[in-house]
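Geometric and topological summary
Listed here are the chains, written in short residue letters.
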Amino acid sequence: MSTDPVIAQAEAGAPKLAVEMVGVNKWYGEFHVLRDVNLTVERGERLVICGPSGSGKSTLIRCINRLEEHQKGRIIVDGIELTDDLKRIDEVRREVGMCFQHFNLFPHLTILENCTLAPMWVRKMPKKEAEEVAMHFLEKVKIPHQAKKYPGQLSGGQQQRVAIARALCMRPRIMLFDEPTSALDPEMVKEVLDTMVELAQDGMTMLCVTHEMGFARQVANRVIFMDAGQIIEMNEPNAFFSNPQHERTKLFLSQILH
Amino acid sequence: MSDSTSGQALSPHAFVSAAFREPEPPPTSDRGPLRWARAHLFGSVPQVLLTLFGIWLLYAVIPPLVRFFITDAVWEGTNRNACLPADVGHSVGACWPFIWAKINQLTYGFYPADERWRVNVVYALGALLLLPLLIQKAPYKRLNAIVFFGVYPVLAFVLLTGGNFALRHFLLGYLGFDGLFPAGAEVGGLSVAFWADFILSSALLALVAAGISRAVAGPGAGRGAARSTLIVMALLGVVLLAADVNFGLVPVETRLWGGLLVTLVIAVTGITVSLPFGILLALGRRSKLPLVKISSILFIEFWRGVPLITVLFFATYMLPLFLPGQLTIDGLLRALVGVALFASAYMAEVVRGGLQAIPKGQYEGAMALGLPGSLMMRLVVLPQALKLVIPGIVNNFIGLFKDTTLVLIVSIFDLLGAMRAAFTDPNWATPTTLFTGFGFAGIVYFVFCFGMSRYSMALEKRLDRAQRH
């Protein structure tokens, strides 16, 4: 159970399995990008997904909130199966927050407006309440004093923390992170990772595509290694790093751990 | 150099700041007017030549203009004799008394003199409502917008035409069910047949809408569709009622409208209709639904492919041949619809350019938050896209404002048309009447277009300041 009252409240009454993927396949044209992926994520679990570029790891987590469509297999998120039904897709997206490599904040809105937009229009929350929630999470990511500024006036690390706060304002049950630190200056990586660690400690269910192995060691329950659209290795972090089984994993780890 | 482990000894070329340096003001040598002139006007031989050419150009253009419009101009007089060089005794520039004599005709056309106060009220109300809408800090923006875009057009319509339209048939009547309603019966000047027809038609439309959405979107959707249909019909009812009630205003046919009045009516209608229509068409063109997409493309390409003159000509002289006998559409209204559709097609392409410039990440960011497609467009994509294309939008507005002069071709007398009519007055036949008239018309058009241009630039600056990157 979460220690954060707002997150805990969102968790109450949720199904036990956060994400269930059964035989998921996806093609981009002729290119077979996801090949028979099976994955189960329990509530409160933290998964780190890594792998070489083009291995399908981003596509995998983007399938979870239907930013990408899968063509074969089943994906059940928070008890809702993803199909062509737009209503269900919106339902899933309300419960799944996402942070992107390039933040994707809305440049024409202030930080506060970025955070209150979806709660007000999707959750029909009154403006005052939405602003209170937004300030709660902006304090959590340690930038409440930037609320009146525009995204363009913030540093990359600050923008990514706002993006995390914006996602949290919808009180999601699951958070997806798609390479949240790879577009950041080296000095700013840590502040974002610290925020994510804190979120993990609060008990959020998290799926992170990242190459930050320190982060993986610190918070992940499981590390998944993907290559050529398949999950080829899955283990708890210590075993994964100290004793990789697959040749491709060994090669990959030797490339990124100097 | 003996100690190779010391940092300074790495290389004789290495430089490391000995102490932290405070910021200093920039050197003064590149400031001052002389420096500026040298850098910007006389920096090189071609620059010197261009500067000299510019000075010559100003010398060649400005003094003659000042001479014509101001120093040599005649400012007072009652007829052509005041502006004849032979009578005045020196060469004559602009003949301003001609404009003063014709100013009513230029402003109102042949609008009856006793009823011109109505036009003035419309002008004044329009300015009064528009100004606070353009000023960012003015309060009550939403109310102001509703009044300007919702109430004002109806008010202007009733005031300008006189209202009291004898409405006789609504949908059912035109479909041949007039027998259902008592013909000729009236309550307070309103036709019972029409309003009974209207209410019955609205109810039927609501039922049809409910049935369709039930079939398409499931049983829950029917009630909502019926309610929105009834709301739309109620609003239409209010508009029709305003047009139908007898306010005791003398009716003024649009044939009699003219001058600046017509120019503004066409331009303002075109502008306010073309922006929302253009946005819808641009969204339609990018839609994933093939039917919507194809019809948007057909619409846009058709109107872009046809000259405005053809459109106006067709609407005025050919359309009546295709319409059933009892149905006649007012001449000005036909031109209005033609101009509005034409402008919408252009606007659609401008807006599409803006939509294409919005990065995919913005769509994904909005989708990931659970915003449904319509809200994503309204709250995230369109505000950014429209801001990007403000120069293009205002470019279209300005083009449209000047294109209104083409209605002259279908015998509608806008400002330029009224001016040309005024030229034919033998009382004012002088050598410079023509130049004065066109000069004046040019100034009027310039004031409006330049105003729009400046406002759009201020708007861009303001929006830029807010979202500086």
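Scoring rules and cut-offs
- Residues numbered from 1 in each chain as written.
- Chains lettered and ligands numbered in written order.
- Predicted model: local features only at pLDDT ≥ 70, side-chain atom pairs only at ≥ 80, totals over all residues.
- Heavy atoms only, no water.
- Helix = DSSP H or I, 4+ residues; strand = E, 2+ residues; numbered from the N terminus.
- Rg over C-alpha atoms; globule rule 2.2 N^0.38 Å.
- Buried < 20%, exposed > 50% of the residue type's maximum accessible area, 1.4 Å probe, protein only.
- Contact = heavy atoms within 4.5 Å.
- pLDDT = per-residue confidence, 0-100.
- Pairing = 2+ DSSP bridges.
- Axes fitted to C-alpha atoms, helices over the stretch in contact; angles between N-to-C directions.
- Core = buried A, V, L, I, M, F, W, Y, C linked by side-chain atoms within 4.5 Å.

Things to note about the overall build of chain A
Looking only at helices and strands, one finds 10 helices and 10 strands in chain A. For chain A, the C-alpha radius of gyration of 18 Å lies close to 18 Å, the compact-globule estimate for 258 residues. Overall, chain A is about 55 × 45 × 35 Å in size when its C-alpha atoms are taken along their principal axes. The 258 residues of chain A split such that 60% are buried. At a minimum sequence separation of 6, the contacts of chain A that also span at least 24 residues come to 66%.

Quick notes on the confidence of the model for chain B
Residue and element names in this part refer to chain B. Averaged over all residues, the pLDDT of chain B is 85; the fraction at 70 or higher stands at 93%. Across chain B, the element-wise mean pLDDT spans from 71 in helix α7 (residues 171–177) up to 94 in helix α14 (residues 360–368). This model gives residues 1–7 a pLDDT under 50, and the stretch forms 3 contacts once residues within four places in sequence are excluded. Note on the complex model: pTM 0.82, ipTM 0.90.

Let's talk about the sheet that holds strand β5 (residues 80–81) of chain A
Residue and element names in this part refer to chain A. Strand order across the open sheet formed by 4 strands is β2-β1-β4-β5, with antiparallel pairing between neighbours. Edge positions in the sheet fall to β2 (31–42) and β5, since each of these pairs with one other strand and no more. Across 5 bridges, strand β1 (residues 17–28) lies against strand β4 (residues 72–77) in antiparallel orientation. What sits directly across from Glu20, in β4, is Ile76. Helix-sheet contacts for helix α2 (residues 57–64) involve β1, β2 and β4, and the interaxial angle to β1 is about 125 degrees.

Observations concerning the nonpolar core
Core analysis: the largest hydrophobic core is formed by 96 residues, its most contacted members being B:Phe98, B:Tyr111, B:Leu160, B:Trp257, B:Leu371 and B:Met419. It is helix α13 (residues 331–356) of chain B that contributes the most residues to this core, 11 residues altogether. Ignoring any residue separated from it by four or fewer positions in sequence, one finds B:Leu371 in contact with A:Leu117, A:Ala118, A:Trp121, A:Val122, B:Ala366, B:Met376, B:Leu379 and B:Val380. By size, the runner-up hydrophobic cluster in this structure holds 50 residues, among which are A:Cys50, A:Phe103, A:Leu154 and A:Ala165.

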